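Structure assessment
Chain by chain, the residues:
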Amino acid sequence: MAEFGMHEAKTNLSRLVERAMAGEEVVLTRRGKRAVRLVPEAETNNFALLRGVWEGKVEIREDFDELPDDIADAFGIR
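Residues numbered from 1 in each chain as written. Predicted model: local features only at pLDDT ≥ 70, side-chain atom pairs only at ≥ 80, totals over all residues. Heavy atoms only, no water.

It is worth spelling out the pattern of salt bridges at this point. Under the definition given, this model contains four salt bridges. Notably, a salt bridge pairs Glu24 with Arg19, separated by 2.6 Å at the nearest N-O pair. Each of the salt bridges in this network shares a partner with another, and the network as a whole consists of Glu3, Glu25 and Arg34. (Salt bridge = Lys/Arg side-chain N within 4 Å of Asp/Glu carboxyl O.)

Take a look at the structure:
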């Protein structure tokens, strides 16, 4: 575990982030007391990660958002 004061952390933030991302425990102190711990952000499985995955593999037809007449009639739309 490595501890760094606020002034040193401000001066070397990029290096401290790299160390934390490499798995080292990095703690920032304020007035000699432990204040925060730098930890890597966990990757999330959110929808944004899928952007572009289906590009070129899926074709959306021109009539995609049009309801067939029988379904439109069933909903009273036409």
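Here we come to the nonpolar core. Membership of the largest hydrophobic core is limited to eight residues, which are Ala2, Phe4, Ala9, Leu16, Ala20, Val26, Leu28 and Leu38. Of all the secondary-structure elements, those providing two or more residues to this core are strand 1 (2-5), helix 2 (13-21) and strand 2 (26-30). Beyond its immediate chain neighbours, meaning those up to four positions away, Ala20 contacts Val26, Leu38 and Pro40. (Core = buried A, V, L, I, M, F, W, Y, C linked by side-chain atoms within 4.5 Å. Buried < 20%, exposed > 50% of the residue type's maximum accessible area, 1.4 Å probe, protein only. Helix = DSSP H or I, 4+ residues; strand = E, 2+ residues; numbered from the N terminus. Contact = heavy atoms within 4.5 Å.)

The subject of this paragraph is the sheet that holds strand 1. Pairing within the open sheet is mixed, and its three strands lie in the order 1-2-3. In this open sheet, the two strands that pair with only one neighbour each are strand 1 and strand 3 (33-38). Across this sheet, the average inter-strand angle for adjacent strands is 35 degrees, counted without regard to direction. In this sheet, strand 3 lies alongside strand 2 in antiparallel orientation, the contact comprising five bridges. Following the sheet pairing, Val26 is matched in strand 3 by Leu38. The strands touched by helix 2 are strand 1, strand 2 and strand 3; relative to strand 2, the strand with the most contacts, the crossing angle is about 135 degrees. (Pairing = 2+ DSSP bridges. Axes fitted to C-alpha atoms, helices over the stretch in contact; angles between N-to-C directions.)

Among the secondary structure elements, Val39 is positioned in the loop between strand 3 and helix 3 (69-74). Counting along the chain gives 18 residues from Val39 to Met21, while the straight-line C-alpha distance between them is 7.0 Å.

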